[in-house]
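Structural description and commentary
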Amino acid sequence: MPIELDIGTLAQSLAYFIAAYTIVTLSLNLEAGFTGIPNFGKHLFVAAGAFVVASIGNRLSAYIVSVLYKDEILKLIQEDPLLSKRITEADIGSLWSMYADPLGNRDLDRIMDKFFAQHPELGILLFILILILAVAIGGLLGLLISYPALRLRGEYLAILLLAAAEMVVMAIGYYWKPLVGGTTGLFLPRYLAVFGQKVILGVTVLLILAAVAMYLYAQRIANSPAGRMMRAVRDDELAAASLGKDIAKVRRDVIIISSAMAALAGALIAIHTGSVVSTHYQRFSWTFIPWAMMIVGGVANNSGVVVGVAIIMILQKFVDIVKPMLAPVVPFDPVWLYQIGLGLVIILMLYMRPQGIIPEKPSRTVNFEEIFEDVLEDKVEDEQAKKMIREGRATP
Amino acid sequence: MVLNVQLFLDTMAYASVLGLLSMSLTLTYIVSRVPNFAHATFAAIGSYMVLIVVWLLGIYKTGPSWGVYYASLPLSFIVVGAVALLQYLIVLRPLAKKGISIDGLMIATLGIDIILVGLLNISADFLEEIFQQSPDKDLRKLVTYPRSGYLSSYEPTIMGVTASSILGPLLLVVSTVGFYLFLTRTKFGTAMRAAIENPQLAETLGINVNLVYSISWFIAGGLAGIAGVIMVMTTKLNPTMGWLLIVSVFAGSIVGGLGSLFWGAVGGLLIGFLEQFGVYYTQIILGALTGETVSLGNYRQVFSLGAIVVMLLVAPQGLASLNWGKILSRLGLRR
Amino acid sequence: MAPILEVKGVDAGYGKLQILFNVSMEVEPKDIFVIVGPNGSGKSTLLKTIFGLTRIYKGSIRFNGEEITGKPPHDIAKTGIAYLPQTDNVFAQLTVAENLKMAAYTLPPDLAQERISEVLERFPLLKARLKDKAMTLSGGQRQILAMAMSLIRKPKLMLFDEPTAALAPKLAAEILDEIIKLRDELGITIILVEQNAKKALQMGDKALLLVGGRVMYRGGAKELLEHPELGALYLGLKK
Ligand SMILES: Nc1ncnc2c1ncn2[C@@H]1O[C@H](COP(=O)(O)OP(=O)(O)O)[C@@H](O)[C@H]1O
Ligand SMILES: [Mg+2]
């Protein structure tokens, strides 16, 4: 069977996925790689960004537009033979509430699309507003999560975050229609009408720009005193404490920053897709794959993350291409092989090269080994206890 | 509001499933010190064994039969036990030996979950294909089962009560008591406790710790497998049926403290009741407030998540760590 | 006489972290062989290495002429070596009776019962505590229980890792006396790691001084005690 390869589309889609995953995996790396906070509920934070865009953004923009441009909206409704029967002038004030169900969403979306086509500048404005909102809410969610995160042991935290994420994404997002339309999802208005027909390309470029910015930002954090501090927290609570800095604050800031980053990615992904449905934000796509990318590329290494993202995304595209060839041969959907393959890759990687393709660079300025010994001499009196701490430290 | 009998019976089956799963998850945690995120999918594999039994033993033709249980309980125990054993032997033990961090081990269990769900999906595709192509008209009716089958129609009833409502609690009690006797009364059981407390010392005394751990994983998987058999009587069959369930299972284990099998079973049982009755009464209250019928069954895990949060923040060592003597006397239940 | 234990050119450690470098030693039957050295020099690691609890990169260990390098510890246990770790040498959560039962794990039931009765005769104070969890025992009692546990299989060679650490001086002396009795009465070969170098070297026949994972001295125990520099340099012994 001949396969048609549209290189342009392929490259564009690859660029989109690489950019989106770069942001999410960089944010995961800030938490898990640099700071040792095992976020097993990353999909919650990505979903948060997308859910904000769909549920709050949709309503907000409908509300603002219907208040400020009541007449124009009314005209658009009356021009539409179907809608004019369903929506009357009296409904205008509560137009935003139509987003509570998928049918209303569909109707409203048609009007909004037309409206933004006429007012692209307002679309851009609302887009920026909603993006800021998504990032802010993502950060707030991070703040909320930081409360247990600062108190719990790693595995308990991992369980809690995974459970919370599954709950919000798989149960509430999937079943509770008012949030993001339940099983059918919600469409988003085309805010970025400025891009005309090239909306997808436009948003892809935005995502790439965002990914580059986030990379530079993550690099700056990693190389700052706070970044070294983070690694200290991860490797040695004791040594970090001896530096006299506020561990809790650093950890909290990291969680807030990376949650906001993930939400930014989620929001841009939603805009790119033009719709939001909770099943797009599952554990496999936005927790497991980012972890796989981080482990393949290199834990606690931003360039490693980019390499890992690129490798796995290219692999996925490759699978997408061979899938149609495989489909007639195997008596099942070849996509499962991709999932199984990724599961195997991560296990083999952990076994053969746990430090990733590009290992973490050793810290240049501070030797924690020495600090640790100093602290130990200083703070722990009992020889036995010292030995136990050392051994406990040395034991993996 | 009086207690609803049917609700109670339904809850018994579901809560004992969680009891079995939380107990067996606790066992794997005690042994390997890593939360196994694939544990609920273990149960899903057990559930698929029921479909296979219904198909291969021709129960889809004959209707409800005890054969469902006779065949699928041992089959699930062995198959899922073997899966768990392999997970321990080929993945977790070598990785732990290499000194991989706990985060790495956890992501490995997430990887195993993905692999297992992938294999279940492949099996579901296969089964759909087989059922669809079958000349047997009855078998063709099963074509939707691999992805959304209710298998409860093939289980027998006892005096009008579905067997799972009775068998579930029975299996839970038998395995808890059995475990207790095994751990306290037998040499191997004592060795298990010894190997868990201090593997190095156990080794130096001639106990083969790896063997002990392997058997623990096998038993834990087996119990998850039989939990899956009961589970599929209360819920729809699907390759990803474990994904939300894992929230409830972890809730049960955390409520139990992740340190004791008995408390793990109690924790799972409690979570089962909390979810079912929480949903039931919230529905009634919300219904009264809004004047509409409210259906919240899909959000049952909200109560589990709540239990996890409360437990971790209030008593992170679980119910097992509480001073029950003191609590009972405070409540005036004991002098 | 042929040595009962032969360690030849052993490099060993934990994972990739090498602790021991080219360590060799020979232990004669019925000797008390003392290993001394500063803290962190690898004494415990050497005992663990003999018992197969560390990673051996190079070299060989032979017990009674039989190669035991690379064997899993639970198999080494069956060859007649017993090991008393420095800490956590009893199961705190198990009762005294269960601890003894675990010590007799590899023996057939009848023999196990017989041996347990034997050690209870030897250490009567355990008899009264059979049903108590080991965590309720005092430090000295725990050390006794640990010793009883290692005797159950009638080992030919016993490895003691700082058995007197954290014990009151009087108790410590009793434990050391007990160890000498094991050799004198039961003819068990002893390898002893001791903090109190002076006491240990006085009761020992041969000795090994370990510094930074390397052998600095190997020979008579009394000679090390009287050595003009080594003792003062590494063991805090006065000249
Ligand atoms: N389980 C372990 N993992 C890694 N390193 C260890 C472990 N146990 C001990 N060490 C290291 O090995 C070295 C020697 O320790 P040890 O053999 O206990 O010395 P000693 O018993 O002579 O005081 C120390 O530097 C210690 O930190
Ligand atoms: Mg030592």
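Residues numbered from 1 in each chain as written. Chains lettered and ligands numbered in written order. Predicted model: local features only at pLDDT ≥ 70, side-chain atom pairs only at ≥ 80, totals over all residues. Heavy atoms only, no water.

**Structural notes on the overall build of chain C**
Summing up its helical and strand segments, chain C has nine helices and 10 strands in all. Over its C-alpha trace chain C gives a radius of gyration of 18 Å, about what one expects of a compact globule, namely 18 Å for 239 residues. In terms of overall dimensions, chain C has C-alpha extents of about 50 × 40 × 35 Å along its principal axes. Looking at the 239 residues of chain C, the share that counts as buried comes to 54%. In chain C, of all internal contacts separated by at least 6 residues, the share reaching a separation of at least 24 is 66%. Only carbon and sulfur atoms are counted for the fraction: they give 52% of the accessible area of chain C, which is about 10400 Å². With 32 positive and 27 negative side-chain charges, chain C shows a separation of 4 Å between the mean positions of the two kinds. (Helix = DSSP H or I, 4+ residues; strand = E, 2+ residues; numbered from the N terminus. Rg over C-alpha atoms; globule rule 2.2 N^0.38 Å. Buried < 20%, exposed > 50% of the residue type's maximum accessible area, 1.4 Å probe, protein only. Contact = heavy atoms within 4.5 Å. Areas by Shrake-Rupley, 256 points an atom, 1.4 Å probe, with all protein chains shown as cover. Lys, Arg positive; Asp, Glu negative; His and termini not counted. Charge placed at Lys NZ, Arg CZ, Asp CG, Glu CD.)

**Things to note about the overall build of chain B**
Helix and strand content of chain B: 15 helices and two strands. Its C-alpha radius of gyration of 21 Å places chain B within 12% of the 20 Å reference for a compact globule of 335 residues. The dimensions of chain B, computed from C-alpha atoms along their principal axes, are 60 × 50 × 35 Å. Sorting the 335 residues of chain B into buried and exposed places 58% on the buried side. Counting only contacts in chain B whose residues sit at least 6 apart along the sequence, the fraction spanning at least 24 positions is 76%. With 18 positive and 13 negative side-chain charges, chain B shows a spacing of 13 Å between the two charge centroids.

**Let's talk about the interface of chain B and chain A**
Each partner contributes to the interface: chain B provides 46 residues, whereas chain A provides 44 residues. Summed over both partners, the interface of chain B with chain A buries about 4100 Å², with 81% contributed by carbon and sulfur atoms. For the chain B face of the interface with chain A, the top three residues by lost area are Ile107(B), Ile114(B) and Trp243(B), together amounting to 15%. At the boundary of chain B and chain A, one finds one salt bridge. We note a salt bridge from Asp113(B) to Arg283(A), for which the minimum N-O separation is 3.0 Å. Here chain B and chain A share eight residue pairs in polar contact (both at pLDDT 80 or more) between them. For the side of chain B that touches chain A, the elements supplying multiple residues, two or more each, are helix H4 (67-97), helix H5 (102-133), helix H12 (242-256) and helix H14 (301-314) of chain B. (Buried area = accessible area lost by both parts, 1.4 Å probe. Salt bridge = Lys/Arg side-chain N within 4 Å of Asp/Glu carboxyl O. Polar contact = N/O pair within 3.5 Å; in protein donor to acceptor, adjacent residues only side chain to side chain.)

**Quick look at the coordination of the magnesium ion (ligand 2)**
The reference angle at a metal is 109.5 degrees if four donors form a tetrahedron and 90 or 180 degrees if six donors form an octahedron. Residue and element names in this part refer to chain C. Note on the magnesium ion (ligand 2): its protein donors are Ser-44 (OG) and Gln-86 (OE1). The metal-donor distances range over 2.0 to 2.5 Å. With a gap of 42 residues between them, Ser-44 in helix H1 (residues 43-50) and Gln-86 in the loop between strand S6 (81-84) and helix H3 (96-103) connect regions that are remote in the sequence. Relative accessible area serves as the criterion here: at 18%, Gln-86 is assigned to the buried category. (Donors = N, O, S within 2.8 Å, 3.2 Å for Na, K, Ca; no water.)

**What about helix H3 (residues 70-79) of chain A?**
Residue and element names in this part refer to chain A. Taken together, the buried positions of H3 are Ile-73, Leu-74, Leu-76 and Ile-77. Looking straight down H3, one finds its buried side chains confined to an arc of 160°; they lie on one side. Structural note: H3 exposes Asp-71, Lys-75, Gln-78 and Glu-79 on the side pointing more than 90 degrees away from its buried face. Structurally, H3 contributes buried residues whose contacts are with helix H2 (42-68), helix H4 (81-86) and helix H5 (102-118). (Arc of directions from axis to C-beta.)

**Regarding the domain arrangement of chain B**
Residue and element names in this part refer to chain B. Partitioning chain B into domains gives domain 1 (23-169 + 208-242) and domain 2 (245-320). The centre of domain 1, based on its C-alpha atoms, is set 23 Å off from the matching centre of domain 2. Listed by partner, the interface residues are 14 residues for domain 1 and 11 residues for domain 2. Summing both partners gives a buried area of about 1100 Å² for domain 1 against domain 2, and 77% of it is carried by carbon and sulfur. A per-residue breakdown of the area domain 1 buries against domain 2 is headed by Met-23, Leu-25 and Thr-26, which together make up 43% of the total. (Domains from an automatic or database assignment.)

**Things to note about the side chain of Asn198(B)**
Structurally, Asn198(B) is set in the loop between helix H9 (187-197) and helix H10 (199-204). The exposure class assigned to Asn198(B) is buried, which follows from its relative accessible area of 12%. Sequence-distant contacts of Asn198(B), defined by excluding residues within four places in its chain, comprise Asp88(C) and Phe91(C).

**Section: the packing of H3(C) against helix H5 (residues 139-151) of chain C**
Residue and element names in this part refer to chain C. Between H3 and H5, the shortest axis-to-axis distance is 8 Å and the interhelical angle comes to 30°. Between H3 and H5, the angle is such that the two are roughly parallel. Considering how the two elements wind past one another, H3 and H5 form a crossing that is right-handed. Facing Val-96, Asn-99, Leu-100 and Ala-103 of H3, the residues of H5 in contact are Leu-145, Ala-148 and Met-149. (Axes fitted to C-alpha atoms, helices over the stretch in contact; angles between N-to-C directions. Parallel < 35°, antiparallel > 145°, perpendicular 65-115°, else oblique. Left-handed = near helix turned anticlockwise from the far one by under 90°.)

**Let's talk about the pairing of strand S1 (residues 5-14) of chain C**
All names here are of chain C. Where burial is concerned, most of S1 is hidden: eight out of the 10 residues are buried. Pairing analysis gives seven bridges linking S1 to strand S2 (residues 17-27), with the strands arranged antiparallel. Its bridge partner lying in S2, Ala-12 is registered against Leu-20. As consecutive antiparallel partners, S1 and S2 are separated by two residues, and within that stretch Gly-15 has a phi angle of approximately 60°, a positive value. Relative to strand S4 (residues 55-63), S1 runs antiparallel, the two being bridged by seven bridges. (Pairing = 2+ DSSP bridges.)

**What to know about the nonpolar core**
Within soluble globular proteins, side chains that are nonpolar generally end up buried alongside one another. If you look at the biggest cluster of nonpolar residues, it comprises 286 residues, and the most contacted ones within it are Tyr281(A) and Leu100(C). Counting only domains with at least three residues in this core, you end up with domain 1 (23-169 + 208-242) and domain 2 (245-320) of chain B. Among all residues touching Tyr281(A), those that are not within four sequence positions of it are His43(A), Val46(A), Ala47(A), Ala50(A), Phe51(A), Val169(A), Gly266(A), Ile269(A), Ala270(A), Val276(A) and Trp286(A). Core analysis: the next-biggest nonpolar cluster, separate from the first, contains 28 residues, Val10(C), Ile61(C), Phe63(C) and Ile76(C) among them. (Core = buried A, V, L, I, M, F, W, Y, C linked by side-chain atoms within 4.5 Å.)

**Comments concerning H5(A)**
For H5(A), spanning 17 residues, the distance from its first C-alpha to its last is 24 Å, which sits close to the expected 24 Å at 1.5 Å a residue. In the core, the buried residues of H5(A) are packed alongside H2, H3, H4, helix H6 (120-149) and strand S1 (186-187) of chain A. (Expected span 1.5 Å × (residues − 1).)

**So, the sheet that holds S2(C)**
All names here are of chain C. The four strands lie next to each other as S2-S1-S4-S5, forming an open sheet whose pairing is antiparallel. In this open sheet, the two strands that pair with only one neighbour each are S2 and strand S5 (66-67). Strands in contact with H1 are S1, S2 and S4; relative to S2, the strand with the most contacts, it is inclined by about 70°.

**With respect to unusual backbone geometry**
Although it is not a glycine, Ala300(A) adopts a positive phi angle of roughly 60°. Assignment of secondary structure puts Ala300(A) in the loop between helix H13 (283-297) and helix H14 (302-326). Phi is positive for Asn64(C), close to 55°, though the residue is something other than glycine.

**Digging into the environment of Thr87(C)**
Residues and elements named next belong to chain C. Note that Thr-87 resides in the loop between S6 and H3. Residue Thr-87 is classed as partly exposed on the basis of its relative accessible area, which comes to 40%. In this structure, the C-alpha to C-alpha distance between Thr-87 and Pro-163, residues 76 residues apart in sequence, is 8.8 Å.

**With respect to a nonpolar patch on the surface**
On the surface, a cluster of nonpolar side chains totalling about 400 Å² of accessible area is made up of Ile124(A), Ile128(A), Ile132(A), Val194(A) and Phe195(A). Locating Phe195(A) in the fold gives a position in the loop between S1 and helix H9 (199-223). (Patch = residues over 30% accessible without salt bridge, like charges linked within 9 Å, V, L, I, M, F, W, Y side chains within 5 Å.)

**Thoughts on the sheet that holds strand S8 (residues 189-193) of chain C**
Residue and element names in this part refer to chain C. In spatial order, the strands read S6-S7-S8-S3-S9-S10; together these six strands make up an open sheet with mixed pairing. Either end of the sheet is taken by a strand with one partner, and the two such strands are S6 and strand S10 (214-220). Going from strand to strand, the sheet's axes swing by 15° on average, the running direction of each strand aside. Relative to S8, strand S3 (residues 32-36) runs parallel, the two being bridged by four bridges. Pairing of Phe-33 across the sheet is with Ile-191, part of S8.

**A short note on the side chain of Glu98(C)**
Among the structural elements, Glu98(C) can be located in helix H3. When near neighbours in sequence (up to four residues on either side) are disregarded, Glu98(C) contacts Thr184(B), Thr190(B) and Arg193(B).

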